[in-house]
Amino acid sequence: MKNTWLTLGERLVSRAGHALAHHPRQVTAAIAALLLTAGGGAFAVASLGPDPSALPVREILELVQPLPLVEQAEALDTHRFSLFTAEAVRPSDTAESLLARLGVNDPVAASFLRTDPVARPQVLGAPGRTVTAESTDGRDLLRLSVRWAVDNTSFRRLVVERQDNGRISSRIETAPLVASLRIGSGSIRTSLFAAVDEAGIPDAVTTQLVDIFSGDIDFHRNLRGGDRFAVVYETLEADGEPLRTGRVVSAQFVNGGRTLDALWFQDAGQRGGYYDFEGRSRERAFLASPMEVSRVTSGFAMRMHPIHNTWRAHKGVDYGAPTGAPVRSIGEGQVDFAGSMSGYGNVVEIDHGKGTSTLYAHLSRIDVRKGQRVERGQRVGAVGSTGWATGPHLHFEFKENGAQRDPLEVARRQAPAVALTAQARPQFDRVAQSMRTQLAVAASANLVASAR
């Protein structure tokens, strides 16, 4: 029987193959008809299900708790918040205009600022200071504060505050400044001051950089495009707000391919000073320039006199600067003359000892008197155009035993003023290693910024 079924199956397969080979279209049509018939049967079976409209319907009721939106809305109505703003005082500010920029609309507070003998001089009488205000969402003043430095160690804080009874009071508090370190770097494209402005470095730091490296770099004539610098400096903060720039802690300057570095170091019980990373002092007895921000308009050489129109030897250096710019003594000494001197106009002469003296001419004002002792960097007057001068500038002379010398050359050949002791060397080396790391971070940041 088994063989019979196998024989029958083989015959059916053989016939099916013969039919498919000789009549493919007919076989395909037959298969399609069979599938359609099966689909219709399935549809017919599916269509025989119950009518959904005849199914029983059940109604379910549940109690839903409402969201506490009413309570939240009421809580928001009773909630109050404070607004905090800060603005710099302008010379033209009134109490109303200042408070308006702070987002405060409070006539009582404005009247207080105008009349209070403690608050008025420290706010409206101090343009440039930053005022911080806290006010209600209804724009009423709650608290106003102003901070200013007293010296390099402390600051004062004016607090104007509304009390619980609605009255406004004022007080002045004293608190210590907190020192923190910042880094900066830049590249020279047009001038040093343009580069530091672009890098966001304070002018006081720039002045220190010039003083530190002036014995090796003529900042008036020898800066080149591509020169670069990095600096680590202190910022003195009051309540987290930078209030004053402190000392340059370390610096590096690349000028014409030369890399110059410096760090501040003070041994216990000794006077501090700047050294290179090898321990050689960068301190000099004299500053290279009596001007912090200026340009050399006439050097130590022969020149055509601007008034007499004749060639004459110019026995000093002229610095172009606006009227009122501060003039400083380049070294310690005693004022030998302070007054008017013919074509020089208002003049200050300082005797520095050992046969050296300096002269500062064409001043608009004199800030010292004859016989007074002055320190290196101390202000002695202000730039002007008194005497024979065609415009505001400082005429500066340096004399050795009565003979006038080029002050820029004198500054570069001075001997160091501070020596590093052997006992201080281990601590100095530790500080130098730390400063190298910080300057490398600052310099790398400048290289990345320059590559963008």
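Residues numbered from 1 in each chain as written. Predicted model: local features only at pLDDT ≥ 70, side-chain atom pairs only at ≥ 80, totals over all residues. Heavy atoms only, no water.

### As for the overall build of the protein chain
- Broken down by element type, the protein chain carries ten helices and 22 strands.
- Counting the 452 residues in the protein chain, one finds 37% classified as buried.
- In the protein chain, the share of contacts with a sequence separation of at least 24, taken over all contacts with a separation of at least 6, comes to 59%.
- Total accessible area computed for the protein chain in this model is approximately 26200 Å², and 54% of it derives from carbon and sulfur atoms. (Helix = DSSP H or I, 4+ residues; strand = E, 2+ residues; numbered from the N terminus. Buried < 20%, exposed > 50% of the residue type's maximum accessible area, 1.4 Å probe, protein only. Contact = heavy atoms within 4.5 Å. Areas by Shrake-Rupley, 256 points an atom, 1.4 Å probe, with all protein chains shown as cover.)

### A short note on the packing of helix α7 (residues 192-199) against helix α8 (residues 203-213)
- Where α7 contacts α8, the axes come no closer than 10 Å and their chain directions differ by 135°. With respect to α8, the element α7 is oriented oblique. Considering the relative orientation of α7 and α8, their crossing is right-handed. For the pair α7 and α8, the contacting residues are Leu192, Phe193, Val196 and Asp197 in the first and Asp203, Thr206 and Val210 in the second.
- Split by residue class, the contact of α7 with α8 holds four nonpolar, one polar and two charged. (Axes fitted to C-alpha atoms, helices over the stretch in contact; angles between N-to-C directions. Parallel < 35°, antiparallel > 145°, perpendicular 65-115°, else oblique. Left-handed = near helix turned anticlockwise from the far one by under 90°. Nonpolar A, V, L, I, M, F, W, Y, C, P; charged D, E, K, R; others polar.)

### Overview of α8
- Among the residues making up α8, those that are buried are Val205, Thr206, Thr207, Leu209, Val210, Ile212 and Phe213.
- Close packing links the buried residues of α8 with α7, β7 (228-238), β8 (241-255), β9 (258-265), β10 (273-275) and β15 (326-328).

### Digging into the packing of aromatic side chains
- Applying the stated criterion across every chain yields a total of eight aromatic pairs.
- Judged by centre distance (5.2 Å) and plane angle (70°), the ring pair of tryptophan 264 and tyrosine 274 falls under edge-to-face. In this pair, tryptophan 264 is assigned in strand β9 and tyrosine 274 in strand β10, connecting sequence segments ten residues apart.
- For the ring pair tyrosine 360 and phenylalanine 396, a centre distance of 5.3 Å and an interplane angle of 45° mean the geometry is tilted. (Phe/Tyr/Trp six-rings, centres within 6.5 Å; stacked < 30°, edge-to-face > 60°.)

### With respect to the layout of surface pockets
- If you add up the space inside the largest pocket, you get close to 810 Å³.
- Of all the secondary structure elements, the ones that give two or more residues to the lining of the largest pocket are α8, β7 and β8.
- With five residues, the top contributor of residues to the lining of the largest pocket is α8.
- Residues of the lining of the largest pocket, tallied by class, amount to nine nonpolar, ten polar and ten charged. (1 Å grid on protein atoms, 1.4 Å probe; cavity = no way out; pocket = protein on both sides within 12 Å on 5 of 7 lines; lining within 4 Å. Points joined across faces, edges and corners; volume = space filled by probe spheres on them.)

### A short note on unusual backbone geometry
- Look at arginine 139: it is not a glycine, yet its phi comes out positive at around 70°.
- Assignment of secondary structure puts arginine 139 in the loop between β2 (130-136) and β3 (141-149).

### Examining the pairing of β2
- In terms of burial, β2 is largely enclosed, as five of its seven residues are buried.
- In this structure, strand β1 (residues 82-88) lies alongside β2, joined through seven bridges in antiparallel fashion. Within the sheet, the bridge partner assigned to phenylalanine 84 lies in β2 and is glutamate 134.
- By the bridge criterion, five bridges tie β2 to β3 in an arrangement that is antiparallel. Note that in β3 the partner of threonine 132 across the bridge is serine 145. (Pairing = 2+ DSSP bridges.)

### Considerations on the pattern of salt bridges
- For the structure shown, the criterion picks out 22 salt bridges.
- Here glutamate 173 ties to arginine 157 by a salt bridge, and the two come within 2.5 Å at their closest N and O atoms. Of the two residues, glutamate 173 is situated in strand β5 (residues 168-176) and arginine 157 in strand β4 (residues 154-162); the sequence distance between them amounts to 16 residues.
- Glutamate 173 gets classed as partly exposed once you look at its relative accessible area, which sits at 23%.
- Taking relative accessible area as the criterion, arginine 157 reaches 14% and is therefore assigned buried.
- Here the salt bridges share partners, and the residues they tie into one network are Arg143, Arg147, Arg157, Glu161, Arg171, Glu173, Asp239 and Glu241. (Salt bridge = Lys/Arg side-chain N within 4 Å of Asp/Glu carboxyl O.)

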